[in-house]
Amino acid sequence: MPKNNKKRPVPLAPPALKSRKKARKVTSLFHKLTQQMDRAKTKNDAEGIQRISEEIDDMGGREEYQRASQLSTKFHSTSRWVIKVMGSKGWTNGLPIDEDDCEESQDSPEVRKEPEVKERRAVQILEVGAINTELVDAARRTKRIRKKKEHTSKGSDEDGVPSSQQYQNIPMFNISVRAIDLRSTFADIEEKDFLQMPVQNEKKGTYDVIVCSMVLNCVTTPEQRGEMLSLLYKQLRPGGLCFFTIPRLCINQSKFIDRKLFEELLTDALGFVIDSQKETPKVAFWILKRPKDAAKKMVKWNKKWESTPIIHRAQKFRNLFCVSLKKNEAYVRNQKL
């Protein structure tokens, strides 16, 4: 029987990663190389920059890192976590529109206008470092409902009306999602650097929900990590929630920081309130809230939040994750108490 010499078609995209072990190696190597790159740039080491760039290219670059990250999200869907929590708080139906119509009139201070039933607006969500479009897709998801009957003087009769005209599609969730990443592999994800995004209004914020999952650990310097945490607070509206995750290794095996110090930075230094938290064997989860009266709960600034001394010298503490926060970056520190 003659052999089939027909060549297999070359795939247009590299095959998806299937091994979680390989995915972890890819992400760890990428983080290591990007940190080395940052140090080389600081020292203006041209040879080092060239060498590290070649190593990053050899391992597949940021595209390979994103593919490895996408594999991890298959085992924990951040979007399902966010939607579930929002649903438990009644936020998936939107938030009441803020109104000033109930303020007392100057002409008749004793008369207060009765507030009408508040309309609801879409929850504004920002996903930082998005590696898939699950949240964006959730905002587009629809459900089919039966149309309300129109009452007329002659009554209403649906006999003979096609079933397709008796139903309509409406959004399943009243949310609006903006997804950003440094390098986007999807048309629905903007290529945007969160650290360069302007803060429109520090007092009022812009977003009701910010999702920052496994992003802070990818930022290469302690100072930029502090800046990112500060910007998460500033971009969030008072009363808003930040869904935040980092690898457990960052706080359990770091030479410079532990869970207690990290949560001090979040609460005492920045002004967040920890709404809830949980852990898995690999990941630490927080839901952080920006309170409406953060300035009333501030404690005295501690200079240890600015420095990054070694606090763990045992051999098992090999992780180099740390955060350095400047006092003038913390929004509530610049307000009149």
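Residues numbered from 1 in each chain as written. Predicted model: local features only at pLDDT ≥ 70, side-chain atom pairs only at ≥ 80, totals over all residues. Heavy atoms only, no water.

Asker: When you look at the environment of glutamine 253 in this model, what are you seeing that I'm missing?
Answerer: Mapped onto the secondary structure, glutamine 253 falls in the loop between helix 7 (249-252) and helix 8 (259-269). When its relative accessible area of 30% is taken as the criterion, glutamine 253 is described as partly exposed. Remark: the alpha-carbon pair of glutamine 253 and phenylalanine 317, spanning 64 residues in sequence, is separated by 4.4 Å. What glutamine 253 contacts, discounting residues up to four positions off in sequence, is Lys316, Phe317, Arg318 and Asn319. (Helix = DSSP H or I, 4+ residues; strand = E, 2+ residues; numbered from the N terminus. Buried < 20%, exposed > 50% of the residue type's maximum accessible area, 1.4 Å probe, protein only. Contact = heavy atoms within 4.5 Å.)

Asker: Please explain the packing of aromatic side chains as it appears in this structure.
Answerer: For any pair of aromatic rings, the description rests on two quantities: the centre-to-centre distance and the angle between the ring planes. Scanning all chains against the criterion turns up eight aromatic pairs. Considering the side-chain rings of tryptophan 81 and phenylalanine 243, the 5.1 Å spacing of their centres and the 90° angle between planes classify their relative orientation as edge-to-face. One end of the pair, tryptophan 81, is in helix 4 (residues 78-88); the other, phenylalanine 243, is in strand 9 (residues 236-247), and 162 residues separate them in sequence. On the basis of relative accessible area, tryptophan 81 is assigned to the buried category, the value being 11%. A relative accessible area of 0% means that phenylalanine 243 is categorised as buried. With a centroid separation of 5.4 Å and an interplanar angle of 55°, the aromatic rings of phenylalanine 262 and tryptophan 286 are classed as tilted. Of this pair, phenylalanine 262 sits in helix 8 while tryptophan 286 sits in strand 11 (residues 283-289), and the two are 24 residues apart along the sequence. In this structure, phenylalanine 262 and tryptophan 286 share a single accessibility class: buried. Sitting over the ring of phenylalanine 285, lysine 278 keeps its end group 5.0 Å from the ring centre. (Phe/Tyr/Trp six-rings, centres within 6.5 Å; stacked < 30°, edge-to-face > 60°. Lys NZ or Arg CZ within 6 Å of the ring centre and 35° of its normal.)

Asker: It is not clear to me how helix 8 should be interpreted in this structure. Could you clarify?
Answerer: Every α-helical turn comprises 3.6 residues, leaving residues that sit three or four positions apart pointing alike. Turning to helix 8, its buried residues are Leu261, Phe262, Glu263, Glu264, Leu265, Leu266 and Ala269. Looking at the packing, one finds that the buried side of helix 8 touches helix 6 (222-235), strand 9, helix 7, strand 10 (273-279) and strand 11. Looking at the residues trailing helix 8, positive phi occurs at glycine 271, about 105°.

Asker: Could you clarify how one ought to interpret the confidence of the model for the protein in this entry?
Answerer: Detailed reading of the predicted model is not advised wherever pLDDT is low. Averaged over every residue, the pLDDT of the protein is 81; residues scoring 70 or more account for 74%. Here residues 99-112 is modelled with pLDDT under 50, and outside its nearest four sequence neighbours on either side it reaches eight contacts, counting other chains as well. Counted against residues more than four places away or in other chains, residues 153-157, with its pLDDT under 50, gives two contacts. (pLDDT = per-residue confidence, 0-100.)

Asker: Just to check I follow, could you spell out the pattern of salt bridges for this structure?
Answerer: Oppositely charged side chains can pair when the atoms bearing their charge come close. Applying the stated rule across the entire model yields 11 salt bridges. Two residues, aspartate 188 and arginine 140, come together in a salt bridge whose shortest N-O distance is 3.0 Å. Of this pair, aspartate 188 sits in the loop between strand 6 (175-181) and strand 7 (189-191) while arginine 140 is found in helix 5 (residues 134-140), placing the two residues 48 residues apart along the sequence. The shortest N-O distance in the salt bridge between glutamate 263 and arginine 259 comes to 3.0 Å. (Salt bridge = Lys/Arg side-chain N within 4 Å of Asp/Glu carboxyl O.)

Asker: Got a minute to help me understand unusual backbone geometry in this structure?
Answerer: Phi at methionine 214 is positive, roughly 55°, even though this residue is not glycine. The residue methionine 214 is located in the loop between strand 8 (207-213) and helix 6 in this model. The partly exposed category is assigned to methionine 214, whose relative accessible area is 29%.

Asker: Would you take a moment to explain helix 6 for this structure?
Answerer: Taking 1.5 Å per residue as the helical rise, helix 6 with its 14 residues ought to reach 20 Å, and the 20 Å between its terminal C-alpha atoms agrees with that figure. For helix 6, a buried count of 11 out of 14 residues is recorded, marking the element as mostly surrounded by other parts of the structure. Every buried residue belonging to helix 6 is among Pro222, Arg225, Gly226, Met228, Leu229, Ser230, Leu231, Leu232, Tyr233, Lys234 and Gln235, and all of these are buried. (Expected span 1.5 Å × (residues − 1).)

Asker: Explain the pairing of strand 3 (residues 123-128) to me, please; I cannot follow it from the model alone.
Answerer: Of all six residues making up strand 3, five are buried, and the element is well covered by its neighbours. Strand direction decides the pairing type here: strand 3 and strand 6, joined by six bridges, are parallel. Pairing of valine 128 across the sheet is with isoleucine 180, part of strand 6. Inspection of the sheet shows strand 3 paired to strand 8 by four bridges, in the parallel sense. The residue of strand 8 that forms the bridge with glutamate 127 is valine 211. (Pairing = 2+ DSSP bridges.)

Asker: What exactly am I supposed to notice about the environment of serine 230 here?
Answerer: Looking at the element boundaries, serine 230 is found in helix 6. Among the residues examined, serine 230 registers a relative accessible area of 2% and is labelled buried. In this structure, serine 230 is in contact with Leu270, Leu325, Glu329 and Ala330, ignoring residues within four places of it in sequence.

Asker: Help me understand the side chain of serine 213 in this model?
Answerer: Topologically, serine 213 is positioned in strand 8. A polar contact of 2.9 Å, which involves the side chain of serine 213, links it to the side chain of threonine 245. Discounting chain neighbours no more than four positions away, the residues touching serine 213 are Thr78, Val128, Phe243 and Thr245. (Polar contact = N/O pair within 3.5 Å; in protein donor to acceptor, adjacent residues only side chain to side chain.)

Asker: Sorry, what's going on with the side chain of serine 79 here?
Answerer: Structurally, serine 79 is set in helix 4. What makes serine 79 buried here is its relative accessible area of 10%. For serine 79, the side chain forms a polar contact with the side chain of glutamate 134, separated by 2.6 Å. Dropping the residues within four chain positions of it, serine 79 is found in contact with Glu134 and Leu135.

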